[in-house]
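Structure at a glance
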Amino acid sequence: MDLSNLKFRVPQSLPCSPTAGSNSLLEDPAASHISTQPRRSRWLTMDPRALCFLSCCLLICVISAEIQERGRTLKAQKKRGLKTARPGEVKPSGAPGQRKPKSDRSQKSLQKKTPLVVVTPSPPASSILTQVLGRGHFQNVGDSLSLRAGETLELRCLGKVVHWKVPVYLEEEGEGRLRIKHFSQHSRLQLVNSTGADTGEYSCWAQHCQDTQCWEGKDRQGKTFIFFTDPEELFVPTENYYEVIQLRSNQPVLLPCQVTNPLAQVTLHREFPPEEVPVDGTDISFDVKKGFTIHRPRASLAGSLFCLASLGGMRQISTKYMLIYVNYPSSSPKPTIQASATSVQLGENFNVTCTVLSEPEIAVDFRWEYPGQKLGRPPYVSEWTNVVRQRGQVQQEAGSTLYVAETRAGDAGAYICRVTNLQGTGTAITRVRVTRNPRVSPAPS
């Protein structure tokens, strides 16, 4: 830059202004040359004080630029250090008394956060069934929900074609306290003036429909069990004081003493003689949503039983259940049939026997269908029951034998045996042929 073309006015008090008698600058040939210019170009003359001020400014600018350059270099080194650091790299310790760079802390925080992002499981898919808490406020329902009797229940189920299932007590009530309204993208269920009798399972499912075809999917279902707690009704009320239940030997039996409060303590008792029935979780178990389940029914459990609930100093008994023990078969009978002869001559006698195996003390009923019925022949039948052991197990063998005397031509055909028990009916069939006596040739004379 040509400084000779600039002209400044500098205050007189500038510390670097020349003293009297100092003519070092004026002795410069260039400076003397400038001073000898004609008067019309005198504005180009450089004042020594201005030159001193300009030198100071340039020095300050150089020092400031150097400081800024060093700052940029340091920041760039720090950035390069962060970028080149690896997550699992361990940096060597510095000299004693030397501070560790801040990039170490940043690197440690990165090492701690990285695994968390990888192992975090994805959130579970929300159910299509939600509880409406207020206008625009919804809450996902869990496995069960507790509300006080008298509160209003409002549920929403997402889907275009939605179906609801509620406790039988509400289904029989019809349009009253229960209101269901369908919208374009969801359906709403509202229950007002709730009572303890409304306790039960509430569920919905949405159908996928395309044109005229609709189908259901497991991901489009939602359900929850809702308790309507009533301090005056610990059990869900029923209409019957006594309820007769078959205690079948082949399947579990449920005593449906449902409670309105999941915190109630429930025990099982016998009416005569009065005693508590032990519940061990194996032979007999309790579910707060269902009641007591007898997994292994036996004859000693027959009689009158009831449930006793207690909560906060209050005790109530449930409906009394009259259990009638029935030795129930595990399956329908599978009979076998066999005739004493498959081909019989006219006038001879024969019989057909039908047998069936079952559990001990299982009642079975035999019925016969035979060709002689069309001829008016009455059935001559004998039945028996034996206890046998097969494959290490004790079983009951029951049988029936049909007798046919003086065979006729009309006795030929199919003999059908039908055996019935509490599980169903089994059938067995066999056929018998009737032939004429061969003619005996006369003896030669």
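Report on the accompanying structure. Computed from a predicted structure; not experimentally measured. (Residues numbered from 1 in each chain as written. Predicted model: local features only at pLDDT ≥ 70, side-chain atom pairs only at ≥ 80, totals over all residues. Heavy atoms only, no water.)

1. Structural notes on the sheet that holds strand S15 (residues 291-294)
Whether parallel or antiparallel, the strands of a sheet pair through hydrogen bonds between backbone atoms. Read from one edge of the open sheet, three strands run S11-S15-S14, paired in antiparallel fashion. Edge positions in the open sheet fall to strand S11 (253-255) and strand S14 (284-287), since each of these has one partner strand only. If you compare each strand with its neighbour and ignore which way they point, the axes differ by 25° on average. Strand direction decides the pairing type here: S11 and S15, joined by three bridges, are antiparallel. From the neighbouring strand, Leu-255 faces S15, where its bridge partner is Phe-292. (Pairing = 2+ DSSP bridges. Helix = DSSP H or I, 4+ residues; strand = E, 2+ residues; numbered from the N terminus. Axes fitted to C-alpha atoms, helices over the stretch in contact; angles between N-to-C directions.)

2. Some points on the state of the cysteines
If you walk through the whole model with that rule in mind, you get three disulfides. Bridging Cys-157 to Cys-204, the disulfide has an S-S length of 2.1 Å. Linking Cys-157 and Cys-204, the disulfide has an S-S dihedral of approximately 85° and is accordingly described as right-handed. Taken as a pair, Cys-157 in strand S4 (residues 153-158) and Cys-204 in strand S8 (residues 200-210) lie far apart in primary sequence, 47 residues in all. For Cys-157, a relative accessible area of 0% puts it in the buried group. (Disulfide = S-S within 2.5 Å. Buried < 20%, exposed > 50% of the residue type's maximum accessible area, 1.4 Å probe, protein only.)

3. Section: the sheet that holds strand S20 (residues 343-345)
Ordered by their spatial adjacency, four strands build an open sheet running S20-S26-S25-S22, and the pairing between neighbours is mixed. The two strands at the open ends of the sheet, each matched to only one other strand, are S20 and strand S22 (365-369). Taken pair by pair, the neighbouring strands of this sheet meet at an average axis angle of 30°, ignoring direction. Pairing analysis gives five bridges linking S22 to strand S25 (residues 413-421), with the strands arranged antiparallel. Looking across to S25, one finds that Trp-368 is bridged to Cys-417.

4. Section: the nonpolar core
Leu-255, Leu-268, Phe-292, Cys-307 and Leu-323 are the most contacted members of the largest nonpolar core, which totals 21 residues. Within the residue set of this core, elements represented by two or more residues are strand S10 (242-248), S11, strand S12 (265-270), S15, strand S16 (303-311) and strand S18 (320-326). Top element by residues in this core is S16. It accounts for three residues. Those residues in contact with Phe-292 that lie beyond four places of it in its chain are Val-253, Leu-254, Leu-255, Cys-257, Val-266, Thr-267, Leu-268, Val-279, Ile-284, Ser-285, Phe-286 and Cys-307. (Core = buried A, V, L, I, M, F, W, Y, C linked by side-chain atoms within 4.5 Å. Contact = heavy atoms within 4.5 Å.)

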